Amino acid sequence: IVAGVIGIVSLFPWVVLGMQALGTVFELASDGAWSVTTCLIVGLAVILIRQYWTVRMGMRGLIMTDAFQGTVAYVFSAILCVVLLSGIAGGPISVADLNDVADKYLVLPGDGDAYGPLYIFALIFTGVVGSLCWPTSFQRIYTASSVRSVKSGTLCTVLISGVFYTLLMLVGIAATVMPDVADSPQAGWFTIMSDYGGTWLLGLGITIVFAASMGHIDGSVQVCGLQIANDLVNTTKRPLTDKRLTQVAKTSMLVFMIAAGVVAYATFNMTRLQLLAQISYQGVIQLSVPLFLGIFWRGGNKQGAVAGMISGFLVAMVLTSIYPDDIRWLGSLTGGIVGLVVNLAVFLAAAALVKTDDADKTRVNEMFEAAKTKMRIPAPTPPVSLDDQVHELADEQR
């Protein structure tokens, strides 16, 4: 339950960002004719249609749409980035522009400015460790046909994302030479598309962001709906039927999306939208202590896991509400890092002070032994001849 609440709360800012992206997409697609409210409502309606498609089509529909959206969002955009960087047909940027980028865009925060020396460390650490704790990571595991598929999919994801993010980063850095992009960096992608290819290329750029946002919101909302239904509402004392679980999940997803839309409207013109992403990581990283130590170490216990997550999450949220970006007097560490230290200290203290009963020790030992056991493939059954089958059928009839 505790892990479910942390995952749901931490995913919420990401859904808000996704709703804002959809709002921006429809604002640009309407050429400014639609208001922010209208754009967000249309975006919400589109996500509802996408959810209906997923529910009606099931796993097949989920895989089909993910494959299509991923191709549009990442393959098309990577090709577009290569074309832009090549400078074909007199594009607004090229690889040569990387030589003219101002120094302020090539310096990391904490290198002599107002930030402390630990700021980048805090962002990278929470980003890397927190990314391994997202509930959405486990959603796609259940769509795989085998462990081999999960492994190959993970490898492909690393390669695709590595190429995509590298190209997009180079385009973003090169685009800083464009005055319009420097003045409004959050709309930089659309500015580049409009300057390079006019309406048609801007339409393609909008479609790319639309596909990425839809897939991201869809996955996040589905996971939150399932967690609310299975982990929070459904209990051993009050078990729900499958039909009731489905109803609770659908209702939760609807309420979650509406709440995200309201917050997206309130923060639509927020100057530093990346703070929403940073805030979400401060929370989800608190799942890492019981997750990773529980996998590799038998010494922990459930009391330490629960107490550590609760204390770490509360400390992270309180500090983040006071210091939404960084804590200057701690060398610009973020609230999530401080919460993680508290989380780890409580977990280890409970491991040392709380005595684990024999039943729990046996259960944990059995899990570790099961993880070591190699799967044995049974010997193939020899084929049965036609004569043997006839004789066996005759015996059964007699």
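The structure reproduced in this document is the subject of the present report. (Residues numbered from 1 in each chain as written. Predicted model: local features only at pLDDT ≥ 70, side-chain atom pairs only at ≥ 80, totals over all residues. Heavy atoms only, no water.)

1. Regarding helix α7 (residues 188–233)
Then, number 1: Taking 1.5 Å per residue, 46 residues should reach 68 Å; α7 reaches only 43 Å between its end C-alpha atoms and comes up short.
Then, number 2: If you look at α7, its biggest bend is around 140°, right at Gly-197. (Helix = DSSP H or I, 4+ residues; strand = E, 2+ residues; numbered from the N terminus. Expected span 1.5 Å × (residues − 1). Bend = angle between axes of the 7 residues up to and from the residue.)

2. Quick word on the packing of helix α1 (residues 2–29) against helix α9 (residues 274–284)
Then, number 1: Between α1 and α9, the least distance of the axes is 8 Å, while the angle of their chain directions is 165°. One element, α1, and the other, α9, form an angle in the roughly antiparallel class. For the crossing formed where α1 meets α9, the hand is left-handed. Here Ile-6, Ser-10, Pro-13, Trp-14, Val-16, Leu-17 and Gln-20 of α1 lie close against α9, whose contacting residues are Leu-276, Ala-277, Ser-280, Tyr-281, Gly-283 and Val-284.
Then, number 2: A per-class count over the contact of α1 with α9 returns nine nonpolar, four polar and no charged. (Axes fitted to C-alpha atoms, helices over the stretch in contact; angles between N-to-C directions. Parallel < 35°, antiparallel > 145°, perpendicular 65-115°, else oblique. Left-handed = near helix turned anticlockwise from the far one by under 90°. Contact = heavy atoms within 4.5 Å. Nonpolar A, V, L, I, M, F, W, Y, C, P; charged D, E, K, R; others polar.)

3. Some details on the nonpolar core
Then, number 1: Ranked by size, the top nonpolar core spans 36 residues in total, and within it Val-15, Met-19, Ile-217 and Val-221 carry the most contacts.
Then, number 2: Where this core is concerned, the elements lending two or more residues are α1, α2 (36–86), α7, α8 (242–266), α9 and α11 (302–322).
Then, number 3: Here the element with the most residues in this core is α1; it accounts for nine residues.
Then, number 4: Contact partners of Val-15, with chain neighbours within four places excluded, come to His-216, Ile-217, Ser-220, Val-221, Phe-256 and Ala-260.
Then, number 5: Within the second largest apolar cluster, 22 residues are counted, among which are Ala-78, Cys-81, Ile-93 and Val-171. (Core = buried A, V, L, I, M, F, W, Y, C linked by side-chain atoms within 4.5 Å. Buried < 20%, exposed > 50% of the residue type's maximum accessible area, 1.4 Å probe, protein only.)

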